[in-house]
Amino acid sequence: EDQVTQSPEALRLQEGESSSLNCSYTVSGLRGLFWYRQDPGKGPEFLFTLYSAGEEKEKERLKATLTKKESFLHITAPKPEDSATYLCAVQVLSGSARQLTFGSGTQLTVLP
Amino acid sequence: EAGVTQSPTHLIKTRGQQATLRCSPISGHTSVYWYQQALGLGLQFLLWYDEGEERNRGNFPPRFSGRQFPNYSSELNVNALELEDSALYLCASSQTDRNTEAFFGQGTRLTVV
């Protein structure tokens, strides 16, 4: 069974204090790994897709990396507006399946 | 370019009733996915439609059903509503046959009383 585990469940940072969120996965074959940001009561906002080990992508203060077993979302010098729940999801190589399997998320709070 | 739109934003139903939720995908996207996000829980995959056909469904009972129309919009129907169906229902769209991203709408908050 495909599994996605995110850690920590919650993270509180001071503004400017860099850190990393972890997403470990167990799948039969990985088609892609996705990162989303979700604000309370809203739909997830797409951030990154990673397809192969060693791949990295950056957007403003965020950088996502991928290995064969896990992905990291690095947040550099975060600001209060970065506070949100960050979701990791995998799309597996299984026939025609295209749906995403999500982790439970990391709730990030950045204090001013 | 318009994103994924869902309606209604909020829906309150009584236990045993039926609910219909609607989704319009991004222009050019042929795949629509439905997810359930119950309070405090992660996103659970419900249904995937592509080119008007149901391609896959998650581990939900048959009273969760839907369809996709020729213009690729979709509706999700939930029959015989139960209290535990109260959740945020999210629709996402993507292009198929490519490694492309799935973009989400803002969701429909369904409350069953």
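Residues numbered from 1 in each chain as written. Chains lettered and ligands numbered in written order. Predicted model: local features only at pLDDT ≥ 70, side-chain atom pairs only at ≥ 80, totals over all residues. Heavy atoms only, no water.

Draft legend 1. Region of the structure containing the overall build of chain A. Looking only at helices and strands, chain A features zero helices and eleven strands. For chain A, the α and β elements follow one another from N to C terminus as β-β-β-β-β-β-β-β-β-β-β. For chain A, the C-alpha radius of gyration of 14 Å lies close to 13 Å, the compact-globule estimate for 112 residues. Every one of the 112 residues in chain A was classed for burial, and the buried ones make up 47%. A sequence separation of at least 24 residues applies to 56% of the contacts in chain A between residues at least 6 apart. Accessible surface for chain A amounts to roughly 5,400 Å². Of this, 45% is attributable to carbon and sulfur atoms. (Helix = DSSP H or I, 4+ residues; strand = E, 2+ residues; numbered from the N terminus. Rg over C-alpha atoms; globule rule 2.2 N^0.38 Å. Buried < 20%, exposed > 50% of the residue type's maximum accessible area, 1.4 Å probe, protein only. Contact = heavy atoms within 4.5 Å. Areas by Shrake-Rupley, 256 points an atom, 1.4 Å probe, with all protein chains shown as cover.)

Draft legend 2. Fine view of the interface of chain B and chain A. The interface of chain B with chain A comprises 19 residues on the first partner and 18 residues on the second. In total, chain B and chain A occlude about 1,600 Å² of area from one another, counting both sides; carbon and sulfur atoms represent 55% of this. Seen at the junction of chain B and chain A, the total is zero salt bridges. Mapped onto the side of chain B that touches chain A, the elements with two or more residues apiece are β4 (31-37), β5 (43-50), β9 (87-94) and β10 (103-104) of chain B. (Buried area = accessible area lost by both parts, 1.4 Å probe. Salt bridge = Lys/Arg side-chain N within 4 Å of Asp/Glu carboxyl O.)

Draft legend 3. Spatial organisation of the nonpolar core. Among the nonpolar cores identified, the biggest contains 24 residues, and Leu33(A), Trp35(A), Leu73(A) and Tyr86(A) are the most heavily contacted of them. Every element with two or more residues in this core is listed here: β2 (10-14), β3 (19-26), β4 (30-38), β5 (45-50), β7 (62-66), β8 (70-75), β9 (84-92) and β11 (106-111) of chain A. The element that contributes the greatest number of residues to this core is β9(A), accounting for five residues. Of all hydrophobic cores here, the second largest spans 22 residues; its members include Ile26(B), Leu46(B), Leu81(B) and Leu110(B). (Core = buried A, V, L, I, M, F, W, Y, C linked by side-chain atoms within 4.5 Å.)

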